[in-house]
Amino acid sequence: MSITVQPGSRSMSYGTDPGDPSRAAVVGGVAEHLSPEQVSTFVRDQLAAADLDDKRVCLVVPDGTRTCPLPLLMSAAYEALQDRAAAVTVVIALGTHQGMEEDHLARHLGFAPGARQDTYPGWTILNHESWDPGTFTTLGTIGADRLAELTGGLMHDISVDVRINRHVAEADVVIVVGPVFPHEVVGFSGGNKYFFPGVSGPELINLSHWVGALITSAQMIGTPGVTPVRALINEAATLIPAERLALCLVVASGTDTLHAAAFGTPEDAWAACAEISAETHVTYLDRPVKRVLSIMPTKYEDIWTAAKGFYKLEPIVADGGEVIIYAPHITQISVMHPHIAEIGYHCRDYFLGQWDKFKDQPWGDLAHSTHLRGQGTWDPEHGERNRVTVTLATGIPEDVVRSVNLNYLDPATIDIGVYEADPETFVVPHAGEVLHRLRPGRPSPTAAESDGREPSAVGWDG
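All values reported here derive from a predicted model rather than from experimental measurement.

K.L.:
Which parts of the structure should I look at to understand the overall build of the chain?
P.N.:
Within the chain, the regular secondary structure consists of 18 helices and 20 strands. Computed over the C-alpha atoms, the radius of gyration of the chain is 21 Å, within 12% of the 23 Å expected from 2.2 N^0.38 for a compact globule of 462 residues. Looking at the chain as a whole, 58% of its 462 residues are labelled buried. Of the contacts formed within the chain by residues at least 6 apart in sequence, a portion of 77% connects residues at least 24 apart. For the chain, the accessible area works out to roughly 17,300 Å², and carbon and sulfur atoms hold 48% of it. The averaged location of the 58 negative side-chain charges in the chain is 3 Å from the averaged location of its 32 positive side-chain charges.

Have a look at this one:
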């Protein structure tokens, strides 16, 4: 396989349906706060109008790493589907995250531990078990020519099998229920992303994450419209035999309050909420900061998920600055991807410059590595040079942190008040969902390309 890195155009849809917000039903908007009654009424009304009678319905919902008022939404959905659907299966879209235990699942969906059938009688509720090959069914293949079109030429001589959770494939109607946030791989999360990677086989997960990593998180995150990765997952979604619908949400970060909700096709509902998320989940600063203290909520259980505290703050950090991920509760690099501890954390060019050495590693692991290490360069003479320092103040032992190419800080030495009083430090409580950027027209934290390389006449190959 050869790799050509080209920026492409962010205004194109790469031959896929970009979605039309005007075709979705929408309640709420920027700066609005919907009451629980408004949300429940919207959900019930939209599902009542959908053709769901005597249908096998599959609800695909987020796991605990996403802020979402699922008890409220599921309760309204249950009322709307009761005595109508032939069967209802709820699949937790874990992607490659670890499964949710009963106590956690109960809090997440709003039932007493061990009493799910008392709250949702007749419903089947399942984790997406990515670790079990029996979870999947094959939908088809995206060929090399089409893959090249979808990714703007980033991938042009390989094909990819599309596999998905069999409960999704076997349903008559599948409904995504989940929030939309700025996202490091796809631009904005939500919509068809709950299928791929949410309930996807590893082939498309690894490919899509690596495509995003080639473009780099710094350039991809918060990019509006259809990015190459969005195009890829939209294309894969067309292979799902079930009718696809989506209840997309814009959540007030860290709360159970919704700014907005949209219902329609996954493309249309996502497009409506992505526009609102772009005005809701992006905070602008006037100048770069020297240091960021990202305080991570306990819903992030390892660095694989808590890395959001880095890449949603990286754009505002000055050259030579530092992002500290403060999460004393985290004790592991990755529960489901222990291999990342062997690869370590490196910038994209570290892998591209030594591709023969890394090409057979899981591309999703390589992508995650670049997401947390951020912008940087690598060449055989100078080695790796990274734009900012990444420091973990967690429960992970110092020797493990340093072995994966990150800086270590004892979390017991962190005094949040001292950092808040430091004019050179930007403290972010509940980090991980809101993207921070410099205000348009303000000086960039780096004079290099968006991925950290020095400007040159050949652009991305500088």
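K.L.:
I keep staring at the environment of tyrosine 326 and nothing clicks. Help me out?
P.N.:
On the secondary structure map, tyrosine 326 appears in strand E14 (residues 317–327). Contact partners of tyrosine 326, with chain neighbours within four places excluded, come to Leu293, Ser294, Ile295, Met296, Ala393, Pro411, Ile414 and Ile416.

K.L.:
Even after reading the chapter, I still don't get the layout of surface pockets, so can you show me in this structure?
P.N.:
Regions of empty space are outlined by a rolling probe, equal in size to a water molecule, passed over the atoms. Looking at the largest pocket, its volume works out to about 510 Å³. Along the walls of the largest pocket sit 32 residues, with Thr96, His97, Pro197, His209 and Trp304 positioned nearest its centre. Counting residues per element, the ones that place at least two in the lining of the largest pocket are helix H7 (202–215), helix H11 (303–306), helix H12 (308–311) and helix H16 (363–373). Along the lines of polarity and charge, the residues of the lining of the largest pocket split into 12 nonpolar, 14 polar and six charged.

Reading the values: the criteria
Residues numbered from 1 in each chain as written. Predicted model: local features only at pLDDT ≥ 70, side-chain atom pairs only at ≥ 80, totals over all residues. Heavy atoms only, no water. Helix = DSSP H or I, 4+ residues; strand = E, 2+ residues; numbered from the N terminus. Rg over C-alpha atoms; globule rule 2.2 N^0.38 Å. Buried < 20%, exposed > 50% of the residue type's maximum accessible area, 1.4 Å probe, protein only. Contact = heavy atoms within 4.5 Å. Areas by Shrake-Rupley, 256 points an atom, 1.4 Å probe, with all protein chains shown as cover. Lys, Arg positive; Asp, Glu negative; His and termini not counted. Charge placed at Lys NZ, Arg CZ, Asp CG, Glu CD. 1 Å grid on protein atoms, 1.4 Å probe; cavity = no way out; pocket = protein on both sides within 12 Å on 5 of 7 lines; lining within 4 Å. Points joined across faces, edges and corners; volume = space filled by probe spheres on them. Nonpolar A, V, L, I, M, F, W, Y, C, P; charged D, E, K, R; others polar.

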